[in-house]
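Residue-level structure breakdown
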Amino acid sequence: MLWPITTTINAAGHLAIGGVDLLDLAREWGTPLYLYDEATIRERCRAFHAAFDARYPESAIVYAGKTYLSPAILAILREEGVWLDVCSGGELGLALRCAFPAARIVFHGNNKSPDELRLAVEAGIGRIIVDNELELGRLIALGEELGRRVPIALRLNPGVGAHTHEYRLTGVVDSKFGFPTIDDQAERAVARAIGAASVELLGYHCHIGAHIFELEPYRDAVAALFRFAAEMRDRHGFIPAEISPGGGMAIAYIPEDEARQSAPDQIASVIGDALRDCAAAVGLPAPRTWIEPGRALVGQAGVALYTVGAVKEIPSVRRYVAVDGGMADNIRPALYEAEYTAAIANRPGPRFHAEGGTASEGELTSRVVGKYCESGDLLIREIALPPVETGDLLALPASGAYNLAMSSNYNLAFRPAVVFVNDGRARLTRRRETLDDLLSAEVFES
Ligand code: LLP
């Protein structure tokens, strides 16, 4: 599904989400505005939990915090029993400030700094996913210094490809992430980890990439991890308690994606069967697992709201619809050629949920662009929209993942406000930035 599960057209003929009219939100907090529908986040968490409980109960659902992190979202995830993956001292710091249980935090990253590692070990977080030999050495030393036994897993490069944007591939051999398994680097790490008293090697992890529709690559990745695990058992006697195939499960951004998106049940059966079958095939006990969905938990819950400004028709070319946000709050179209759809919130019409594709009668092909000084600042390259007027409120669904997380102050843009909606109520969870916020770190010289 593209839109939050509570999306309706209300009596006024406006789009409403979480029982709240989007026009009221825009009026109260201005645009650009991001909203999150709490019911959708909870529904996605519950669907993943139910699917894995039914098909592979020895599993945890770990939210990839890089997708979008804030106190409000952490509180919901925590209530839903979801764990957290962080990939920087900043993300870890936010989680700790919000009193997120340290034992449920997993720390990723290909070049964690000594300070970040120390913060993680001192906080007693649940797992540190070791990406390279340098980090392993630092963790062994830190554990000795602090008198801790640091729980770790090794991130392996399984040498598995998938269909996604090149920038989102991480499991191919030629990647900056993880220990290569094509020579003895990963094996040396296993031997060193099991020989060190200050780290506890729990098992293996891999992450093949992000926004992947197919499920076969997950099966291939699990198989690759077990091949390695069996060799390590034979040569070093090490039996992994945990094996994780990471995250990266795709969501629908445009109507055409909806049929390609896998339900949590399908994901759980492919990964659960792969873990069980591969373990049996090599004679290892079935391990515990965790998966790391990011966009699959929060992407659908988020909607971006913009006010239409200048509308320009270029005869025989196209119509440009300029909105009051753009690449500063959503870099994804410029970075990955990511596609989006939109609806006019103040008069969505009966087929609001299916817009995109070719224009039908009364519609015009438009390009939705931002307000920043780049020709690449576009949000939707091509969309069939009914006539759009200055002042219309444009709503872009599937905006909950990575838009705000990757937002910037380009052109000294103020990052948007964020509102959570639920049961007919809206609450501000982040105010719009101000010029003072942007200048607060500058040193003014007189
Ligand atoms: N686990 C690890 C170790 C990851 O590196 C990532 C994403 C995930 C899980 C979650 O992937 P997801 O389930 O959200 O697809 N900024 C990009 C994607 C880069 C993601 C980096 N890692 C985007 O906007 O599509």
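Rules of the game
Residues numbered from 1 in each chain as written. Predicted model: local features only at pLDDT ≥ 70, side-chain atom pairs only at ≥ 80, totals over all residues. Heavy atoms only, no water. UniProt positions renumbered as here; feature names shortened; annotations may be inferred. Near = heavy atom within 4 Å. Polar contact = N/O pair within 3.5 Å; in protein donor to acceptor, adjacent residues only side chain to side chain. Nonpolar A, V, L, I, M, F, W, Y, C, P; charged D, E, K, R; others polar. Domains from an automatic or database assignment. Helix = DSSP H or I, 4+ residues; strand = E, 2+ residues; numbered from the N terminus. Buried < 20%, exposed > 50% of the residue type's maximum accessible area, 1.4 Å probe, protein only. Contact = heavy atoms within 4.5 Å. Core = buried A, V, L, I, M, F, W, Y, C linked by side-chain atoms within 4.5 Å. Buried area = accessible area lost by both parts, 1.4 Å probe. Salt bridge = Lys/Arg side-chain N within 4 Å of Asp/Glu carboxyl O. Phe/Tyr/Trp six-rings, centres within 6.5 Å; stacked < 30°, edge-to-face > 60°. Lys NZ or Arg CZ within 6 Å of the ring centre and 35° of its normal. Expected span 1.5 Å × (residues − 1).

The chain appears in an unreviewed UniProt entry as Diaminopimelate decarboxylase from uncultured Thermomicrobiales bacterium. The Catalytic activity (unreviewed entry) comment attached to the chain in UniProt states, word for word, "meso-2,6-diaminopimelate + H(+) = L-lysine + CO2". Comment text from UniProt for the chain, heading Sequence similarities (unreviewed entry), reads "Belongs to the Orn/Lys/Arg decarboxylase class-II family. LysA subfamily."

Comments concerning the site of the ligand
Close to the ligand lie 20 residues; Glu292, Arg295, Arg332, Tyr336 and Tyr402 are nearest. At 2.7 Å from a nitrogen atom of the ligand is found a side-chain nitrogen or oxygen belonging to Glu292. Within the side chain of Tyr402, one N or O atom sits 2.7 Å away from an oxygen atom of the ligand. Each residue belonging to the shell around the ligand can be placed in one class, and the counts come to seven nonpolar, six polar and seven charged. Summarising the domain contributions, the shell around the ligand has at least three residues from each of domain 1 (8–30 + 301–439) and domain 2 (38–298).

As for the UniProt feature "binding site: pyridoxal 5'-phosphate" (unreviewed entry) in the chain
In this numbering, the UniProt entry assigns the feature "binding site: pyridoxal 5'-phosphate" (unreviewed entry) to Gly248, Glu292, Pro293, Gly294, Arg295 and Tyr402. Mapped onto the secondary structure, Pro293 falls in the loop between β14 (289–292) and α10 (295–298). Judged by its relative accessible area of 0%, Pro293 is buried. Setting aside residues up to four positions removed in sequence, Pro293 forms contacts with Phe48, Ile61, Val62, Tyr63, Ala64, Gly247 and Met249. Here Arg295 lies in helix α10. Discounting residues that sit within four places of it in the chain, Arg295 has contacts with Thr67, Arg168, Ala210, His211, Met249, Ala250, Ile251, Tyr253, Gln300, Arg332, Ala401 and Tyr402.

Description of the nonpolar core
Most often, soluble globular proteins keep nonpolar side chains buried together rather than apart. Core analysis: the largest hydrophobic core is formed by 103 residues, its most contacted members being Tyr36, Ile41, Ile128, Leu139, Ile152 and Tyr204. Built from parts of two domains, this core gets at least three residues from each of domain 1 (8–30 + 301–439) and domain 2 (38–298). Counting residues in hydrophobic clusters, the runner-up holds 22 residues, among them Leu23, Leu33, Leu305 and Val421.

Looking at the environment of Val317
Note on placement: Val317 falls in the loop between β15 (302–314) and β16 (318–323). Taking relative accessible area as the criterion, Val317 reaches 52% and is therefore assigned exposed. For the pair Val317 and Ser366, spaced 49 residues apart in sequence, the C-alpha to C-alpha distance is 9.7 Å.

With respect to the domain arrangement of the chain
By a frequent convention, interface size equals the accessible area lost on bringing the separate parts together. According to the domain assignment, the chain consists of domain 1 (8–30 + 301–439) and domain 2 (38–298). Between the C-alpha centres of domain 1 and domain 2 the distance comes to 33 Å. Taken together, the 23 residues of domain 1 in the interface contact 20 residues of domain 2. Of the roughly 2,000 Å² buried between domain 1 and domain 2 on both sides combined, carbon and sulfur atoms contribute 60%. The interface formed by domain 1 and domain 2 includes one salt bridge. A salt bridge links Glu38 to Arg427, with the shortest nitrogen-to-oxygen separation between them at 3.3 Å.

Describing the packing of aromatic side chains
Counted by the stated rule, this structure contains five aromatic pairs. Taking the centre distance of 4.8 Å and the plane angle of 10 degrees together, the rings of Tyr36 and Tyr68 count as stacked. Of the two residues, Tyr36 is situated in strand β4 (residues 33–37) and Tyr68 in the loop between β5 (59–64) and α3 (71–79); the sequence distance between them amounts to 32 residues. Using a relative accessible area of 0% as the deciding quantity, one classes Tyr36 as buried. With a centroid separation of 5.5 Å and an interplanar angle of 80 degrees, the aromatic rings of Tyr253 and Tyr340 are classed as edge-to-face. Of this pair, Tyr253 sits in the loop between β13 (246–247) and α9 (264–282) while Tyr340 sits in the loop between α11 (332–336) and β17 (343–344), and the two are 87 residues apart along the sequence. The pair Tyr253 / Tyr340 is uniform in exposure class, with both members buried. In textbook terms, an aromatic cluster arises when at least three aromatic residues are bridged by ring pairs, as seen for Tyr36, Tyr68 and Phe420. When the ring centre of Tyr336 is taken as reference, the NZ or CZ atom of Arg168 above it lies at 4.6 Å. The positively charged end of Lys312 is found above the aromatic ring belonging to Tyr320, 5.7 Å away from the centroid.

Structural notes on unusual backbone geometry
Put simply, Thr31 and Pro32 share a cis peptide bond, and its omega is -5 degrees. Position of Pro32 relative to the elements: it lies in the loop between α1 (22–29) and β4. A positive phi angle, near 55 degrees, is found at His211, a position not held by glycine. Mapped onto the elements, His211 comes out in the loop between β11 (199–205) and α8 (216–236). Residue His211 is classed as buried on the basis of its relative accessible area, which comes to 10%. The phi angle at Tyr402 is positive, at roughly 75 degrees, despite the residue not being glycine. In this structure, Tyr402 sits in the loop between β20 (393–396) and β21 (417–422).

A few points about helix α2 (residues 38–55)
One full turn of an α-helix is made of 3.6 residues, so residues set three or four places apart face in the same direction. The first and last C-alpha atoms of α2 sit 26 Å apart over 18 residues, in line with the 26 Å expected at 1.5 Å per residue. Within α2 the residues assigned to the buried category are Glu38, Thr40, Ile41, Arg42, Arg44, Cys45, Phe48, His49, Ala51 and Phe52.

What to know about the pattern of salt bridges
In total, this model carries 25 salt bridges according to the counting rule given. Two residues, Asp234 and Arg233, come together in a salt bridge whose shortest N-O distance is 3.0 Å. Residue Asp234 is classed as exposed on the basis of its relative accessible area of 57%. The salt bridge involving Glu242 is made with Arg288; its shortest N-O contact spans 2.8 Å. Linking Glu242 in strand β12 (residues 242–244) with Arg288 in the loop between α9 and β14, this pair joins segments that are 46 residues apart in sequence. For Arg288, a relative accessible area of 36% corresponds to the partly exposed category. Here the salt bridges do not stand alone but share partners, grouping Glu38, Arg42, Arg46, Glu79, Glu80 and Arg427 into one network.

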